[in-house]
Amino acid sequence: MTRRPARVRVEPAGIDIAVAAGESVFAAALRSDLTWPTICYGQARCTACVLRVVDGHQNLGPLESVERGVLRQLASRRGRRPSRDTRLACRLTVTGDVTVEKKGAQPNPPGARPRAEDPERLA
Amino acid sequence: MTIQAEPRAPQRAASPAFPHAITDPSLVPVERYFDPGFARREKEKLWPHAWQMACRLDEILRPGDFTEYRINDQSILVVRESADTVKAYFNACRHRATALGNGSGTFHGGQIVCPYHGWRWNLDGSNSYVYAQRGFAPDCLAPDSLRLRECQVGIMFGMVFINMDPAAPPLATALAGIAQALAPIGFERMRVRWWRHLVLPANWKMAQEAFMEAYHIMQAHPSLSMGAADDDYDIDVLGGNFECFAGGHAHLLPSDGSVPVPGMSVADYFTQFNNALYVGTDAYATDREMFLQQSLAERDIDPNEYPKAFFEALYQYAAGAGIPLPPPATGTTGYAHIFPNMTVLPAYGNSIIYRVRPNGDDPESCLFEVWAVQIPAGSEDEPDPPVLEGPIAIEDWPQIFKEDFRNVAAQQKGVHTLGLRNLVLSGRYESMIVNNHRMIDEYLSR
């Protein structure tokens, strides 16, 4: 049986999106007609989709090797060690409700395509 | 159209149309299995023009899902464009040739993005973005020159077939005969139980030919010949009546249901055949059929009526479990070859499926894949895309596969020996192989 979709609250826009089992937060956001920063469109390459986990850490899906590698590289670019609060939206799955912060995540204007954003404009 | 492949006296005609062409249907020049020139000819004249299975439909379930299909040095992205449409693109950026996808995955947001300079395409192949367009000559930005280059796509048996040649006739024409013969099997209802592969040290044709006849059962598979030695094992009962089609395809017609092993009852042969394949392949017969056989063992059934009782129990079980089994096929056993490189062995709403490809440009190495597929209960959710297991070493396969793979490796060794000019084929028992070579040569002579 399929569980009910989890609710992911996206701040600061204050939007709730439903994320199905196995679905990435990024895919759910596009499906829910949000603009979410990206230039690689979900290939775990550009890091523009990176988000900050605010609440619900216990409901985060596993960190797989591709995402771990990209996050490590992103952190080192910023002169830091990786933080458990930082995840790629295009690889993050959830098993329950979570609150995340992502500047630049906005409802699409009616009829608009998802739009690419400046890769350096990070969460 | 049916091709009659009758046995003939061994002889070789004087002037083949190209090196190592077949001039007598019962003789296969050994060079076809190792000569680099012959493999090059296949690479130029066969693979870029023949319809071939690129993936299963259930590998790309949702819009944006893609998988990469490779043959020789070609890479093709097979992309689910919408719920009803699939596209296939040569895997190269129109800018500077970067491969746009690798392996399998999902193009999110309906965008295929080049990782190099960020050019983008919609799932329909039209370009959606060129970074800093002002730097390019206007001709380079014409929609037609930016559009991804496509292969033809056709869907049949729950599989995606592609053809790199825009002038090739459609899939339905290429598969004429076999499409109709196999329609009652219900391949499109089947889903993957497992998908495994290995790299075999043999030519792709050599490898698949081990699965294109039943003539080897008597010697190679003791678990299937069940103690019947030499001519006591009656191959005509289950491997002597093939129907061959013009397109290079063929299938085995049903027999009269008699038992190939002397002195064995219909019930004993039927159940032991299933048991042997269950253990020896982990496919063909599955837990489902083993469960049915166990429950039938407790009933008093006339041994000659056993298959009838089995199928009654099977359909009763399927109805109760919501498994949409098609009615039993009457015009085919389902054991078939789909030109140029697929062989199927279905039974009871499931099947073994083989696909064999050259391993890059090496004429003596091939990628050998096996699927075990089965019709699931109708109410089940669509499962996640199947994952390819392996490569699995020959010695780690179940017994029957192991017996076949060992013979393939031994054959590839043998074709190099001096003094052996041809393999010899039976026009009756090995006609699927004969017919496949005939069609290969039609392509190679074009």
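The next point concerns the overall build of chain A. Along the backbone of chain A there are 2 helices and 7 strands. Within the span of chain A, comprising 123 residues, buried residues form 46% of the whole. Taking the intrachain contacts of chain A between residues at least 6 apart in sequence as the baseline, contacts between residues at least 24 apart amount to 69%. As displayed, chain A offers around 6400 Å² of accessible surface, 50% of which is attributable to carbon and sulfur atoms.

Residue and element names in this part refer to chain B. If you check the domain split of chain B, you get domain 1 (27-48 + 186-286 + 321-444) and domain 2 (52-172). Computed from C-alpha atoms alone, the centre-to-centre distance between domain 1 and domain 2 is 31 Å. The interface of domain 1 with domain 2 comprises 24 residues on the first partner and 20 residues on the second. On inspection of domain 1 and its partner domain 2, the count reaches 1 salt bridge.

Attention now goes to the interface of chain A and chain B. Between chain A and chain B, the contact holds 14 residues from the first and 13 residues from the second. Across the interface of chain A and chain B, roughly 920 Å² is buried in total on both sides, 49% from carbon and sulfur atoms. In this assembly, chain A and chain B are joined by 0 salt bridges. Counting the contacts that link chain A with chain B gives 3 residue pairs in polar contact (both at pLDDT 80 or more). When grouped by side-chain class, the residues that make up the side of chain A that touches chain B number 8 nonpolar, 4 polar and 2 charged.

All right, on to the pattern of salt bridges then. Taken as a whole, this structure holds 23 salt bridges over all chains when the rule is applied. A salt bridge links A:R9 to A:D16, with the nearest nitrogen and oxygen atoms 2.8 Å apart. Under the relative-accessibility criterion, A:R9 is labelled partly exposed at 31%. Taking relative accessible area as the criterion, A:D16 reaches 36% and is therefore assigned partly exposed. Of the charged contacts in the structure, one is a salt bridge between B:E42 and B:K205, with a shortest N-O distance of 2.8 Å. Of this pair, B:E42 sits in helix α1 (residues 36-46) while B:K205 sits in helix α5 (residues 204-209), and the two are 163 residues apart along the sequence.

All names here are of chain B. Buried residues dominate strand β3 (residues 65-71), accounting for 6 of its 7 residues. Sheet topology note: the β3/strand β6 (residues 104-106) ladder contains 3 bridges and is antiparallel. Across the sheet, D65 pairs through a bridge with T106, a residue of β6. Note that β3 and strand β4 (residues 74-80) share 6 bridges and pair antiparallel. Opposite E68, over in β4, you have L77 as the bridge partner. The antiparallel pairing of β3 with β4 creates a hairpin that spans 2 residues between the two strands, and N72 there sits at a positive phi of about 50 degrees.

Attention shifts here to the environment of B:K402. Residue and element names in this part refer to chain B. Inspection of the secondary structure assignment puts K402 in helix α12 (residues 399-414). Put simply, K402 and D65 are 337 residues apart on the chain and 34 Å apart in space, counted from C-alpha to C-alpha. When sequence neighbours within four positions are dropped, the list of residues in contact with K402 reads I394, E395 and W397.

Before going further, it helps to spend a moment on helix α9 (residues 266-281) of chain B. All names here are of chain B. For α9, with 16 residues, the first-to-last C-alpha span of 22 Å sits near the 22 Å given by 1.5 Å per residue. Listed as buried for α9 are V266, A267, Y269, F270, T271, F273, N274, A276, L277, G280 and T281. After α9 finishes, the residue D282 shows a positive phi value of roughly 60 degrees.

Residues and elements named next belong to chain B. Following the sequence through the fold, Q412 ends up in helix α12. Under the relative-accessibility criterion, Q412 is labelled buried at 3%. A distance of 3.0 Å separates a polar atom in the side chain of Q412 from the backbone nitrogen of N203. Non-local contacts of Q412, meaning those with residues more than four positions away in its chain, are made with Y33, F34, P201, A202, N203, M206 and E364.

Residues and elements named next belong to chain B. Across the sheet, 7 strands lie side by side as β2-β11-β10-β5-β4-β3-β6; this open sheet has antiparallel pairing. Two strands bound the open sheet, and with one partner strand each, they are β2 (52-56) and β6. Here the average twist between neighbouring strands, direction ignored, is 30 degrees.

A few words now on the pairing of strand β4 (residues 50-55) of chain A. Bridge count for β4(A) against strand β5 (residues 86-88) of chain A is 3 bridges, and the pairing is antiparallel. What sits directly across from A:V50, in β5(A), is A:L88.

Residue and element names in this part refer to chain B. The 7 strands are arranged β12-β18-β17-β16-β15-β14-β13 in an open sheet whose pairing can be described as antiparallel. Of all strands in the sheet, those bounded by a partner on one side alone are β12 (191-200) and β13 (242-244). Adjacent strand axes in the sheet meet at a mean angle of 20 degrees when their direction is disregarded. In the sheet, β13 pairs with strand β14 (residues 250-252) via 3 bridges, with the strands oriented antiparallel. Bridge pairing links F242 to L252 in β14.

With that settled, consider unusual backbone geometry. Glycine aside, a negative phi is what most residues show, and trans is what most peptide bonds show. Between B:F339 and the following residue, B:P340, the backbone shows a cis peptide bond with an omega angle of 0 degrees. Its location among the elements puts B:P340 in the loop between β15 (336-338) and β16 (342-347). With omega at 5 degrees, the peptide bond leading from B:G390 into B:P391 counts as cis. Following the sequence through the fold, B:P391 ends up in the loop between β18 (362-374) and α12. Of note in the backbone geometry, A:Y41 takes a positive phi value of approximately 55 degrees without being a glycine. With a phi close to 55 degrees, A:A44 is a non-glycine residue in the positive phi region. Relative accessible area serves as the criterion here: at 7%, A:A44 is assigned to the buried category.

Right, let's get into the nonpolar core. With 125 residues, the main nonpolar core has B:F161 and B:F368 as its most contacted residues. Per-domain counts for this core show at least three residues from each of domain 1 (27-48 + 186-286 + 321-444) and domain 2 (52-172) of chain B. If sequence neighbours within four positions are ignored, B:F368 has contacts with B:R196, B:H197, B:L198, B:L200, B:A207, B:F211, B:Y354, B:R355, B:V356 and B:F405. Core analysis: the next-biggest nonpolar cluster, separate from the first, contains 30 residues, A:A28, A:A44, A:C49 and A:A105 among them.

Rules used throughout
Residues numbered from 1 in each chain as written. Chains lettered and ligands numbered in written order. Predicted model: local features only at pLDDT ≥ 70, side-chain atom pairs only at ≥ 80, totals over all residues. Heavy atoms only, no water. Helix = DSSP H or I, 4+ residues; strand = E, 2+ residues; numbered from the N terminus. Buried < 20%, exposed > 50% of the residue type's maximum accessible area, 1.4 Å probe, protein only. Contact = heavy atoms within 4.5 Å. Areas by Shrake-Rupley, 256 points an atom, 1.4 Å probe, with all protein chains shown as cover. Domains from an automatic or database assignment. Salt bridge = Lys/Arg side-chain N within 4 Å of Asp/Glu carboxyl O. Buried area = accessible area lost by both parts, 1.4 Å probe. Polar contact = N/O pair within 3.5 Å; in protein donor to acceptor, adjacent residues only side chain to side chain. Nonpolar A, V, L, I, M, F, W, Y, C, P; charged D, E, K, R; others polar. Pairing = 2+ DSSP bridges. Expected span 1.5 Å × (residues − 1). Axes fitted to C-alpha atoms, helices over the stretch in contact; angles between N-to-C directions. Core = buried A, V, L, I, M, F, W, Y, C linked by side-chain atoms within 4.5 Å.

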